Amino acid sequence: MSNIWSNTIYSLLEQTGPFASADTPPGFRVFSAESRQRAKCLRDKELVTKYRATRNQIFEFMDVSSFSEIQNLLQDKERRQRVEKRAYRLLGNMFGIHGSEREIISRVDSYSKTADDVIRYLKNKILANYAPFIEITNEIDITSSPVKLLIIMFDARYHKKARFEAKRKLILMSLAGSIDQRERETEVEAKFADFLHFLNAHVWSPEIKIGELDIFYLLSTHAQKDFSCKDVRVLNMAEAADIKPEPGQKLTLIKRRRFKENDREIPIYVSVRKKPPEAKVLKLMRKNEENPAVAVDDELGLLGVLDTVAEVRLFQKHLTESAICANSFMTLEDISDTLGGARHKSSSIGSSASTPMLKFFARMGGMRVEFIVHTNKSYLDYIYKKDVSHDEYEVKRIFDSGVAELLFPREIYHLDMAVVKIDLIRWFRKRIEGQ
């Protein structure tokens, strides 16, 4: 068992540890060889206390005093319904959910959707080439109730894969609940709306309407060795219509807004985002953290792309001046500027030190917003350059952090993640460098 997960909730997912999903459910056959092996592994890994705490939590949640009582629940539908109703009430209180019984159930069940979205995001994007291998079992996919998922874990009629996925879904739901609680406490939705209002009212040019975008293209030429951007030209739609990129060239669409500085309108490509719940769950896992207040510090963010480094500096200055216009001081925190050629220092798993950008957090108006600002050239490196591109970064961080193996253990999904990682990076490079 890997040491990195040993003291967190994620150790419950490890198929090489004492909490592994076995051919028979835990507690189903107390004196089986699997049970004896599990007990030995718990002692060897010094996880007996964690096991007892987890077991007691399950018993309290299910309102039982032994594993055999859980087996009785399988046959007693009326009692299961009482336990389920009680469980929703307990979870509502734990996550600080207020409202009617129906509202509490709906909110808790929404955590099930987030849990499924975590797997679907990986299946549809990073691991799309391996989607058939990691498909969620139908019975688990349609189950939202935490009690029903727990019962499946102890039901010998279900295959080991289904019981593992029930456990995985419960853990992801727990993380989703913690994230939702923090979002409600910190009023993230309201802050995101305030941030958009700040941009529209004070940052973007008053000459443009809200949502107005100018369409341009970046025609770039890339080095054969690492596909880094050698030069780039900005084209309007009419100019781009006559261009057919040659080998080693890329034609990239950008939709630009404008901001005004000293009576000069400067174009900027902007992507504003609020990190979705499934992305926050994955970030918690990559950082081996259970507390979103510690691990997720970039809930609100803006990516900006300008023509030159000088315009990047102007935009940074314009931001702070715009905050004053909005009656708020703005401080810039954790500034990292590698547009001049310095190496990027990052603790993020899978991140490349050769990624040029201006990165900082802006604190203003009760918000802390992450800004990543590029020139056209550095932005094209960010999406295309070998060992730097965002597609490769997403693959590396999900594999190098151990999350891919944790969510899709080889014993159950029959995937060698070391081989899969190499294959996916090769596939992304082929797609990036192709026409």
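What counts and what doesn't
Residues numbered from 1 in each chain as written. Predicted model: local features only at pLDDT ≥ 70, side-chain atom pairs only at ≥ 80, totals over all residues. Heavy atoms only, no water. Helix = DSSP H or I, 4+ residues; strand = E, 2+ residues; numbered from the N terminus. Buried < 20%, exposed > 50% of the residue type's maximum accessible area, 1.4 Å probe, protein only. Contact = heavy atoms within 4.5 Å. Areas by Shrake-Rupley, 256 points an atom, 1.4 Å probe, with all protein chains shown as cover. Lys, Arg positive; Asp, Glu negative; His and termini not counted. Charge placed at Lys NZ, Arg CZ, Asp CG, Glu CD. 1 Å grid on protein atoms, 1.4 Å probe; cavity = no way out; pocket = protein on both sides within 12 Å on 5 of 7 lines; lining within 4 Å. Points joined across faces, edges and corners; volume = space filled by probe spheres on them. Nonpolar A, V, L, I, M, F, W, Y, C, P; charged D, E, K, R; others polar.

### Describing the overall build of the protein chain
Line of reasoning, step 1. Each helix and strand counted, the protein chain has 18 helices and eight strands in total.
Line of reasoning, step 2. Structurally, the protein chain occupies a C-alpha span of about 75 × 50 × 40 Å along its principal axes.
Line of reasoning, step 3. Going through the 435 residues of the protein chain one by one, you find that 50% of them count as buried.
Line of reasoning, step 4. Pairs at least 24 residues apart make up 70% of the contacts formed inside the protein chain by residues separated by at least 6 positions.
Line of reasoning, step 5. Here the protein chain has roughly 21,600 Å² of accessible surface; of this, 50% comes from carbon and sulfur atoms.
Line of reasoning, step 6. Of the charged side chains in the protein chain, 70 are positive and 62 negative; the average position of the first set lies 4 Å away from that of the second.

### Focus: empty space enclosed by the protein
Line of reasoning, step 1. For the structure on display, the rule yields two cavities of 30 Å³ or more.
Line of reasoning, step 2. Of the pockets and cavities examined, the largest cavity occupies roughly 50 Å³.
Line of reasoning, step 3. Considering the residues around the largest cavity, the lining is formed by A115, D116, I119, I136, I140, E165, R168, K169 and L172.
Line of reasoning, step 4. Going through the elements one at a time, α5 (101-126) and α8 (160-186) are the ones with two or more residues in the lining of the largest cavity.
Line of reasoning, step 5. A breakdown of the residues in the lining of the largest cavity according to their chemical character gives five nonpolar, no polar and four charged.

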